[in-house]
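Notes for the structure review
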Amino acid sequence: MTSAAHSPTSSRAAPRTGLIDGLGRQINYLRLSVTDRCDLRCRYCMADDMQFLPREQTLTRTEIHRLANLFVAEGVRKIRLTGGEPLTRPDIIAICEDLAALPGLDELVLSTNGRQLANHAIALKQAGVSRLNISLDSLEAERFRYITRHGVLADVIAGIDAAVAQGFKRIRLNCVILRGSNDDEILDLVAFALAREIDICFIEEMPLGDVGRNRAASFISSADIAERLAEHYALTPLINTDAHAGPARYMQAQGYPNSRIGFISPHSNTFCASCNRLRLTAEGRLLLCLGQEESLSLRDLIRQYPADDHEVRRALHNALTHKPASHDFQHDGEQLVRFMSVSGG
């Protein structure tokens, strides 16, 4: 197994006091973006002519390891690797090996568009990734190509099936449903997931970046989707006992004990009061909230203090006192100019 250069010893020696924000919420989940680059251009996520960061501005493998080690020492128990598309990064398997080996980390998970997953599923499992989230918004090849601008549906399905064959602890499909675009595929997408005994989660579109259309007109709520599903399945709400889970609320369809149907509802059923997450962008900017602009450049701090984490930890704890109470997302109000791909999945 390869490993990154040793992190400063001060973070390993630090007491595990935990990360508590100014509202008393415990932070134990880090979404860590390893790149802002992606090999697709999904219409709800980014522009077709995206300008990506110069590589020297993004975190190196060693810097990712150092920051992840610091967060785990501070009580983070779950890290999700995001992008952009993580599998476009040449050293992604080595990064996974580095982080999976961190003492105290309970779970390393990864989000992907699935396009390159068929070639990486075995290596990801061997590197210590336990769960995968895979984006899939359509099962119709031409529609899939339109949504992603140039994606090939067969590649993603091959990636999903390769992942299923590897026996990951959990695999979840993430679907963004837009009224008049792909809402006629809700039942087909659920049937696809249930047939493979994997999870599926429907995510209300988040207003990040100007995507050139009226988001309010295409919005469809989690309740609307659940109502459609209830006409075909007997659904039972599940109680989430995972202490470092994300914001998804799950149901189970009768007769399908190995799959869950989830909903992430940033508009219709906000989850901010129980937020346990931070996001670290590919350029090392710590986002205190997905829907707000408060942030801290951890990249600049670790480059300023290459051998001592004390100032980094102090700045982190100070920043947490300013973590916003909520994201304040609106369908048709002022939108953040930051695209989801820049935010880190």
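In this report, we go over the structure that sits alongside the text. Values in this document were obtained by computation on a predicted structure and should not be read as measured data.

Membership of the largest hydrophobic core comes to 73 residues, with the highest contact counts inside it found for Leu-32, Ile-79, Leu-81, Leu-99, Leu-124 and Phe-202. In this structure Leu-32 touches Ile-64, Ala-68, Ile-79, Arg-80, Leu-81, Thr-82, Leu-99 and Leu-280, once residues within four positions along its chain are discounted. Formed by 15 residues, the second largest nonpolar core is a distinct cluster that contains Leu-40, Tyr-44, Val-176 and Ile-203.

Moving on: the pattern of salt bridges. On inspection of all chains with the given rule, the structure shows 20 salt bridges. Note that Glu-74 is salt-bridged to Arg-313, the shortest N-O span being 2.5 Å. One end of the pair, Glu-74, is in the loop between α2 (61-73) and β4 (78-82); the other, Arg-313, is in helix α11 (residues 310-320), and 239 residues separate them in sequence. Arg-313 carries the same exposure label as Glu-74, and that label is buried.

On to the packing of α2 against α11, then. Following both chains from N to C, one finds α2 and α11 inclined at 60 degrees, their axes separated by 12 Å at the closest point. If you check the angle between α2 and α11, you find them oblique. The element α2 and its partner α11 pack so that their crossing is right-handed. Across from Arg-66, Leu-70 and Phe-71 in α2, the residues of α11 making contact are Val-312, Arg-313 and Leu-316. Residues of the contact of α2 with α11, tallied by class, amount to four nonpolar, no polar and two charged.

In this section: the sheet that holds strand β3 (residues 29-33). Read from one edge of the open sheet, 12 strands run β9-β10-β11-β8-β7-β6-β5-β4-β3-β12-β13-β14, paired in mixed fashion. Strand pairing shows two members of the sheet lacking a second neighbour, β9 (235-237) and β14 (295-297), which therefore form its edges. Averaged over neighbouring strand pairs, the angle between their axes works out to 25 degrees when direction is ignored. Sheet topology places strand β12 (residues 277-280) next to strand β13 (residues 285-287); two bridges connect them, and they run antiparallel. Bridging from a neighbouring strand, Arg-279 pairs with Leu-287 of β13. Helix α9 (residues 222-230) contacts β8 (199-203), β9, β10 (249-253) and β11 (261-264) of the sheet and is inclined by roughly 160 degrees relative to β11.

This part takes up the packing of helix α7 (residues 186-195) against α9. Two numbers describe how α7 lies on α9: the axes approach to 10 Å, and their chain directions differ by 70 degrees. By the angle between their axes, α7 is roughly perpendicular relative to α9. Counting all contacts with α7, which are made through Ile-186, Leu-187 and Val-190, the residues of α9 involved are Ile-225, Arg-228 and Leu-229. Split by residue class, the contact of α7 with α9 holds five nonpolar, no polar and one charged.

It is worth spelling out α9 at this point. Every buried residue belonging to α9 is among Ser-222, Ile-225, Ala-226 and Leu-229, and all of these are buried. Seen end-on, α9 carries its buried residues on one side only, within an arc spanning 100 degrees. Away from its buried face, by an angle of more than 90 degrees, α9 presents the exposed residues Ala-223 and Glu-227. Tucked inside the fold, the buried residues of α9 contact α7, β8, β9, β10 and β11.

With that settled, the discussion passes to unusual backbone geometry. With omega at 20 degrees, the peptide bond leading from Gly-83 into Gly-84 counts as cis. Phi is positive for Arg-149, close to 75 degrees, though the residue is something other than glycine. Locating Arg-149 in the fold gives a position in the loop between α5 (141-148) and α6 (153-166). Even without being a glycine, Glu-197 presents a positive backbone phi close to 55 degrees. Along the chain, the position of Glu-197 falls in the loop between α7 and β8.

Calculation notes
Residues numbered from 1 in each chain as written. Predicted model: local features only at pLDDT ≥ 70, side-chain atom pairs only at ≥ 80, totals over all residues. Heavy atoms only, no water. Core = buried A, V, L, I, M, F, W, Y, C linked by side-chain atoms within 4.5 Å. Buried < 20%, exposed > 50% of the residue type's maximum accessible area, 1.4 Å probe, protein only. Contact = heavy atoms within 4.5 Å. Salt bridge = Lys/Arg side-chain N within 4 Å of Asp/Glu carboxyl O. Helix = DSSP H or I, 4+ residues; strand = E, 2+ residues; numbered from the N terminus. Axes fitted to C-alpha atoms, helices over the stretch in contact; angles between N-to-C directions. Parallel < 35°, antiparallel > 145°, perpendicular 65-115°, else oblique. Left-handed = near helix turned anticlockwise from the far one by under 90°. Nonpolar A, V, L, I, M, F, W, Y, C, P; charged D, E, K, R; others polar. Pairing = 2+ DSSP bridges. Arc of directions from axis to C-beta.

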